[in-house]
Amino acid sequence: REVAMPRTCVLSSPWSWSRSLLLLLLLSSCAGCARAAVAAAATAASPQPSFRSANLTAAGLLAATKYGKTVLAGDEITVAAQEYADCLVFRVQARTRGYVALGFVDPTAPSVDVLLAWVDDDTGTGHVMDMHGKTETGLTPEKDVSQDYELLASFQNGSHISVVFRRAWDTCDAHDDVVFGNDTMRMFWTMSDRDPIDRQYTDALKLGSSWKGTQSFHPRGPKFKPNTDDYKKWDITMDNLRIKDDVDTLYWCKIFKAPIFKKNHIVGFVPLLNDDTRRLVHHMIVYECYGGSNIMEKYVTLKGAQCYGQGMPEDWNKCVSPVVTWAMGSDGQFLPDHIGVPIGGREMYYMLEVHYDNPTLKKVMDNSGVRVYYTEDLRPNDAGIMAVGMAVSPMHIVPPKQFAYKTASLCDKDCTNVIFPERGIKITSVLLHAHLASRQLKLRHVRHDQEMATIAQDDRYDYDYQQARELSNEVTVYPGDELITECVYNTVDRPQLTHGGYSTKQEMCIAFVTYYPRTPLASCFSMTPVPFFFETFGVQQFLDYNMEGVEKIFLKLADSTTKNPPSQTTTTTTTTTPTLNNVKMLNELNQEHIAYLMKPPSFTIDDSKEQNLFRDLEIMEPVEFQNKTFQQHLDNLPWEDSLLTKNIERRLINGKHMTFCRLHNDTLALMMNTYLFPNFTAYTEPKTSNVACIPLSNKFKNSALAVQSSFIFILLSIALIFVY
């Protein structure tokens, strides 16, 4: 059964003042007039159209083969969402003649926002009900006092139902509804083969623990998805890789040769995942290799090697420029029509890096990878991908038992000034990446000590859904601008300190940025300078090594030049942490520890055996810390003292940052330098309206029949006025 679409109520200027007033009074019963006026005022400056201005029909909403962006695509249910300035419209199609329930979760909200939808088997009338529950599991939802979902269209046949409904971004119902916005939204879903038994809803509908699945999505922002039949494809996958049961984190790399010689453009990719290993694949990155056939051709036939370990050829360390970045939960990414990542033009080689997270120590075989789509019809602009954020290092620390601990890294103005073209670069999408403890991520933009609008932000980061964020409006970053990557972590359930590292039990804070025009920049990272880091924790001297020697172990400063920079990928990594010993030459220690520090290859399930350079550094000064390793000193700090923790947090953020401006050829564009964190005026969101939210309340009767009746009443009222 289709339903007529409700229309916006509009006043016409030729009418007399008295007739206009009469009409206004008559239309006060129109479901949505008041809200439409408020929504229009609140979004007048928005580039997106309002829902009403789209002039959609019920038939169009139900019959369109493609509607909005796909949120969930399964055998039993599909959910799509279309963004408007004043609301979000959902279309749900399910293989059932009963009800469908969706639950929207904000981890900080007191309850789960539940939507119940069905089409009455007897009358063919569609219904939606706004409900809430206290927990994600064992949910017993209750009907909201304020009904904030509006049914737009419904249909039912012998096997399926389709319902289309909308809700405001913020309904003003802070107690029972969640706010939709830029942050990741986690959605639960379930269905029944029967309509709700209690038609009067005097009792709570009991869903129990019957949720069938979950899917996260980004409510705001576009999602490009062209017809892939128009493009050529190249599958880059592992070749029957046997994953052993003796490590819980494995990085595996394999070399590929591009299937073309002439220049083409990569336009997008999708993941290729095995059913039995998809939960083990944490991320996949395809790097462009700096080296021709005389260097790389001999590696194409190999099954691969453990990344950055003893078995990986040193030539592979020149594969540093990302062209494809995928993380778990993502369904891939396609680029806007005006950009493409260049591929070919000469014999080109690529390295696929796959991070396997195997906490249950499964022994499996894997053929995961990515399917790359490319075209010989070149697009107007060459695009690039650069990584910005925190250098992966044990000096990136997150204290235990913290509800919200923040870290920040700096891509400095000297790097962007040297690398970026005069007209700047334009950012089209951002993939925010961290591990299990992360809750919030943000990529900030500073120009001349004034913060610009935030480039990308997620205050509900979902480790299981790391989808690239395609920006609604491209962001221009000029030479001399600075980029700041921030992460906020929650470690209330962790008794021990968390270090930066490659295991999912450790942490990262990185943003992969897609932009154009392409530049030679591969990454722009920072880390806390070594002496400043140890000074922060009151350590002045280590046994057997002065601070300069320890710094050289970490950074290999003696060889720092733009032609041969310190790099995490220029040496072979051992599988055990090298021991500090004066018998060894300092340069040898440099080589071993730099390799360990930047690219540890694997981690055992036993946390106590994880590699940690801090366990080898014994404190000599001050006296009160003697006979302790630095790791023991960190573990003994009273992290529950919020004043201490916040002081450390502020010092590490607002203090000194050592930056690394790394090029595609694995060299540094600039000498490593130390900068103070920029002192800038924070960005303030422009205030477009005095109205913060849009209540639907009970103005809408959430059935197709009621909406249709309201529309008829409005038409009759207008006709009477004209007659009068």
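Note that the coordinates shown come from a computational prediction; the quantities given were computed from them, not determined experimentally.

Criteria and thresholds
- For every chain, the first residue of the written sequence is number 1, and numbering continues from 1 along that sequence.
- Only residues with pLDDT of 70 or above have their local features reported here, since the model is predicted, and side-chain atom pairs are shown and tallied only from 80 upward, although totals for entire chains, interfaces and linings are computed over all residues.
- The basis for every side-chain value is the complete set of heavy atoms in the structure, and neither hydrogens nor water enter the calculation.
- Secondary structure follows DSSP: runs of H or I at least 4 residues long count as helices, runs of E at least 2 residues long count as strands, and numbering of each begins at the N terminus.
- Only protein chains enter the accessibility calculation, which uses a 1.4 Å probe; a residue whose area is less than 20% of its type maximum is buried, one above 50% is exposed, and one in between is partly exposed.
- Pairs of residues are marked as contacts when any of their non-hydrogen atoms sit within 4.5 Å.
- Throughout, the Shrake-Rupley method with a 1.4 Å probe supplies accessible areas, and for residues the shown protein chains are the sole cover considered.
- For this analysis, a nonpolar core means a set of buried residues of the types Ala, Val, Leu, Ile, Met, Phe, Trp, Tyr and Cys, connected via side-chain atoms within 4.5 Å.
- Two strands qualify as a pair provided DSSP detects at least 2 bridges between them.
- Think of each axis as a best-fit line through the C-alpha atoms, taken over the contacting stretch in the case of a helix, with angles from 0 to 180 degrees between the N-to-C directions.
- Throughout, disulfides are identified as pairs of cysteine sulfur atoms within 2.5 Å of each other.
- Throughout this description, the term salt bridge denotes a Lys or Arg side-chain nitrogen within 4 Å of a carboxyl oxygen of Asp or Glu.
- Every helix has an expected span of 1.5 Å times one less than the residues it contains.
- The arc in question is traced by the directions running from the helix axis to the C-beta atoms.
- Residues adjacent in sequence count toward polar contacts only when both atoms are side-chain atoms; beyond that, a polar contact is any pair of N or O atoms within 3.5 Å, and within protein one must be able to donate a hydrogen and the other to accept it.
- Only rings of Phe, Tyr and Trp enter the pairing, Trp through its six-membered ring, and a pair is recorded when the two centres are within 6.5 Å. The plane angle decides the type: under 30 degrees is stacked, over 60 is edge-to-face, the rest tilted.
- Lysine and arginine charges are scored as sitting over a ring when NZ or CZ, respectively, is within 6 Å of the ring centre and within 35 degrees of the ring normal.
- The pLDDT value expresses, per residue, how confident the predictor is, ranging between 0 and 100.

Caption draft 1: Molecular detail of the overall build of the chain. Scanning the chain from terminus to terminus reveals eleven helices and 41 strands. Within the chain, buried positions represent 57% of all 724 residues. The contacts in the chain between residues at least 6 apart in sequence include a share of 79% that link residues at least 24 apart. When the accessible area of the chain is evaluated, it comes to approximately 30900 Å², of which 52% is carbon and sulfur surface.

Caption draft 2: A look at the nonpolar core. Membership of the largest hydrophobic core comes to 128 residues, with the highest contact counts inside it found for Ile 427, Phe 534 and Phe 630. Ignoring sequence-local partners within four residues, the contact set of Phe 630 consists of Phe 533, Phe 534, Phe 537, Val 539, Phe 542, Phe 614, Leu 617 and Ile 619. Residues Leu 72, Leu 88, Phe 180 and Phe 217 belong to the second largest nonpolar core, which totals 30 residues.

Caption draft 3: Molecular detail of the sheet that holds strand E11 (residues 213-217). Across the sheet, six strands lie side by side as E7-E6-E5-E4-E10-E11; this open sheet has antiparallel pairing. Among the strands making up the open sheet, the edge pair consists of strand E7 (142-143) and E11. Pairing between strand E4 (residues 100-105) and strand E10 (residues 185-191): six bridges, direction antiparallel. By the bridge assignment, Ala 101 is partnered in E10 with Thr 190.

Caption draft 4: Structural view of the sheet that holds strand E28 (residues 425-433). If you walk across this open sheet you meet the seven strands as E32-E28-E35-E25-E36-E40-E41, and the pairing is mixed. Of all strands in the sheet, those with a lone pairing partner are strand E32 (469-477) and strand E41 (673-676), marking the two edges. Geometrically, the sheet is characterised by an average inter-axis angle of 30° between neighbouring strands, direction not taken into account. When strand E36 (residues 521-527) meets strand E40 (residues 656-663), the two strands line up antiparallel, connected through six bridges. The partner of Leu 521 across the bridge, within E40, is Leu 663.

Caption draft 5: Looking closely at the state of the cysteines. Considering all chains together, one arrives at five disulfides under this definition. Between the sulfur of Cys 289 and that of Cys 319 lies a disulfide, 2.0 Å long from S to S. Between Cys 289 and Cys 319 the sulfur-sulfur dihedral comes to about 100°; the bridge is accordingly right-handed. Placement of Cys 289 in strand E16 (residues 281-289) and of Cys 319 in strand E18 (residues 319-327) is noted, with a sequence separation of 30 residues between them. A relative accessible area of 4% means that Cys 319 is categorised as buried. Between the sulfur atoms of Cys 411 and its disulfide partner Cys 524 the distance amounts to 2.2 Å. Negative torsions about the S-S bond denote left-handed disulfides, and the value of about 100° found for Cys 411 with Cys 524 makes this one right-handed. With Cys 411 in strand E27 (residues 405-411) and Cys 524 in strand E36, this pair connects stretches of sequence that are 113 residues apart. Here Cys 411 matches Cys 524 in class, with each residue buried.

Caption draft 6: Seen up close, the pattern of salt bridges. Within this structure, the stated rule accounts for 30 salt bridges. Between Asp 275 and Arg 278 there is a salt bridge whose closest N-O contact spans 3.7 Å. The class of Asp 275 is exposed, set by a relative accessible area of 68%. Asp 464 is the partner of Arg 279 in a salt bridge, and the nearest nitrogen-oxygen pair spans 3.6 Å. With Arg 279 in the loop between strand E15 (264-272) and E16 and Asp 464 in the loop between strand E31 (456-458) and E32, this residue pair connects regions lying 185 residues apart in the sequence. The class for Arg 279 is exposed, based on a relative accessible area of 58%. Linked by salt bridges that have partners in common, Arg 186, Arg 279, Asp 462 and Asp 464 make up one network.

Caption draft 7: Broad picture of helix H10 (residues 642-654). Between its first and last C-alpha, H10 extends 18 Å over 13 residues, near the 18 Å set by a 1.5 Å rise per residue. Those residues of H10 not exposed but buried are Thr 645, Ile 648, Glu 649, Leu 652 and Ile 653. Across the axial projection of H10, the buried residues extend over an arc of 125°, all falling on one side. Where H10 is buried, its residues touch E27, helix H6 (530-536) and E40. The backbone nitrogen of Leu 643 has a side-chain oxygen 3.1 Å away, supplied by the residue at the start of H10, namely Asp 641.

Caption draft 8: Spatial organisation of the packing of aromatic side chains. Tallied over the entire structure, the rule returns 24 aromatic pairs. For the pair Tyr 149 and Phe 165, a centre-to-centre distance of 5.7 Å together with 70° between the ring planes defines the contact as edge-to-face. With Tyr 149 in the loop between E7 and strand E8 (150-156) and Phe 165 in strand E9 (residues 161-168), this pair connects stretches of sequence that are 16 residues apart. The two residues Tyr 149 and Phe 165 agree in class, both being buried. Plain terms: the ring middles of Phe 534 and Phe 542 are 4.9 Å apart, the flat faces sit at 80° to each other, and that makes the pair edge-to-face. Exposure remark for Phe 534: the relative accessible area of 0% places this residue in the buried category. A relative accessible area of 1% places Phe 542 in the buried class. The ring of Phe 256 has Lys 254 lying over it, and the distance from NZ or CZ to the ring centre is 4.7 Å.

Caption draft 9: Structural detail: the confidence of the model for the chain. On average, residues of the chain score 81 in pLDDT, and 78% of them are at 70 or above. The low-confidence segment residues 199-204 (pLDDT under 50) makes nine contacts with residues lying over four places distant or belonging to another chain. Counting interchain partners and residues more than four positions distant, the pLDDT-below-50 stretch residues 697-724 has 51 contacts.

Caption draft 10: Focus on the pairing of strand E2 (residues 77-83). Most of E2 is tucked away, with five of its seven residues classed as buried. Here strand E1 (residues 69-73) pairs with E2 via four bridges, running antiparallel. Looking at the pairing, Leu 72 lines up with Val 79 of E2. In sequence, E1 turns back onto E2 through a hairpin of three residues. Looking at chain direction, E2 and strand E3 (residues 87-94) are connected through seven bridges and run antiparallel. Among the inter-strand pairings, Val 79 is bridged to a residue of E3, identified as Val 92. Connecting the antiparallel pair E2 and E3 is a turn made up of three residues.

Caption draft 11: Representation of unusual backbone geometry. Along the chain, Tyr 516 connects to Pro 517 via a cis peptide bond; the corresponding omega equals -5°. Summarising the element assignment, Pro 517 is placed in the loop between strand E35 (510-516) and E36. The peptide bond linking Glu 621 to Pro 622 adopts the cis configuration, its omega dihedral lying at 5°. Positioned with a positive phi, Cys 172 is a non-glycine residue whose angle comes to about 75°. By the secondary structure assignment, Cys 172 is in the loop between E9 and E10. Overall, the relative accessible area of 35% leaves Cys 172 in the partly exposed class. Phi at Asn 627 takes a positive value of approximately 65°, unusual for a residue other than glycine. Here Asn 627 lies in the loop between strand E39 (619-621) and helix H9 (630-636).

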